[in-house]
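Reading the structure
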Amino acid sequence: MWDYTEKVMDFFLHPRNVGEIKDADGVGEVGNIVCGDAMKLYLKIAPDGKTIVDAKFQTFGCASAIASASALTEMLKGKTLEDAAKLTNQDIADFLGDLPEEKMHCSVMGSEAFQAALKDLAKKRPDLNVPVPTTPEEGEDRVVCQCFNVTEAEIRNVVKTNHLTTVEQVTYYTKAGGGCGGCKDDIQKILDDILGKKSGDGGEAAPKPLTNLQKIALIQDVFDSIIRPGLKADGGDAELIDINGDQVVVKLTGKCAGCASALQTLKHWVEAKLREKVSAAINVVEQK
Ligand code: FES
């Protein structure tokens, strides 16, 4: 059984905005029932041409897919197209008070359904000046994961938006790599490209591994120069309590202490930054 927040359970058991909008202005459909998850999102735009007055969804998926779609429609209603276009999958997870990392692909499916609905809206209503998502760079629309039909552009987008550093995380966020596994080397190459590493034979020699002292000093430095200033900007703070191999013990303080999104802050900000700057093996745990 997954460890869902109360809000996820509420939005799953009492889903908001389920159904179809017959005269929708924009419709976005993503996923594939054969692969296990699919979502269709309907948007209705106000006569002012700027505000989303209604949003409904139909989905074939698990509890977190239903909760994510339900949350997304609640977030969209009443927003201007301009503001709504800035929403990311992380905003959906935040709204729900976090999703298990293994289920983040449900939030990604929600944001992709919305992007598809925006594209459809732009096509049907060229008069509206819809903020259309950028089209993939040449060649990035190739399918990397045949099992789940995931393109390179989708992987790149999710890695950048969510600061992912490992193939396992890419699988959690997109499902790519979660079937036969034949695409994992390709996903690693995309990650290496984004993170600025060399991969494969013939690349530059791997950097010398850090000594324990170097690793501790680097973690402290990243903690003081990047992580704490980021938390302080939102009224929070954190203390570095201990470092034991790759395990980093952190205590959240200020507004972050006891916050409903504490786990998410630890994983998606503190851990993600340490993985990016120090080592992909870092695991951050909270001291309450
Ligand atoms: S091709 Fe990606 S898991 Fe099979």
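Calculation rules
- Residues numbered from 1 in each chain as written.
- Predicted model: local features only at pLDDT ≥ 70, side-chain atom pairs only at ≥ 80, totals over all residues.
- Helix = DSSP H or I, 4+ residues; strand = E, 2+ residues; numbered from the N terminus.
- Rg over C-alpha atoms; globule rule 2.2 N^0.38 Å.
- Contact = placed C-beta atoms within 7 Å.
- Buried ≥ 20, exposed ≤ 12 C-beta atoms within 10 Å, placed from the backbone.
- Domains from an automatic or database assignment.
- Nonpolar A, V, L, I, M, F, W, Y, C, P; charged D, E, K, R; others polar.
- Core = buried A, V, L, I, M, F, W, Y, C linked by C-beta atoms within 7 Å.
- Pairing = 2+ DSSP bridges.

Within the protein chain, the regular secondary structure consists of 10 helices and eight strands. By the compact-globule yardstick of 19 Å for 288 residues, the protein chain fits well, its C-alpha radius of gyration being 20 Å. Oriented by its inertia axes, the alpha-carbon framework of the protein chain measures out at about 65 × 45 × 40 Å. Partitioning the contacts of the protein chain with sequence separation of at least 6, the portion at a separation of at least 24 is 55%.

Those residues of helix α6 (residues 152–162) that sit buried are E152, E154, I155, N157, V158, V159 and N162. Backbone geometry just downstream of α6 places H163 in the positive-phi region, at approximately 55 degrees.

The next point concerns the domain arrangement of the protein chain. Domain boundaries in the protein chain define domain 1 (6–124), domain 2 (143–195) and domain 3 (212–286). If you average the C-alpha positions of domain 1 and of domain 2, the two centres end up 22 Å apart. For the side of domain 1 that touches domain 2, the element with the most residues is helix α5 (residues 104–124), which contributes three residues. Class assignment for the residues of the side of domain 1 that touches domain 2 results in three nonpolar, five polar and two charged.

Let's shift gears to the nonpolar core. Formed by 54 residues in total, the largest nonpolar core has its most connected members in L41, L96, I155, V170, A176 and I187. At nine residues, α5 tops the list of elements feeding residues into this core. Setting aside anything within four residues of it in sequence, one finds L41 in contact with G28, A55, F57, A113, F114 and A117. Core analysis: the next-biggest nonpolar cluster, separate from the first, contains 15 residues, I219, C256, W269 and I282 among them.

Time to look at the pairing of strand β6 (residues 236–244). Bridge count between β6 and strand β7 (residues 247–254): eight bridges; the pairing is antiparallel. Residue pairing across strands places E239 opposite K251, the latter belonging to β7. In textbook terms, the turn of a hairpin is the stretch between consecutive antiparallel strands, and for β6 and β7 this stretch comprises two residues, one of which, G245, has a positive phi near 65 degrees.

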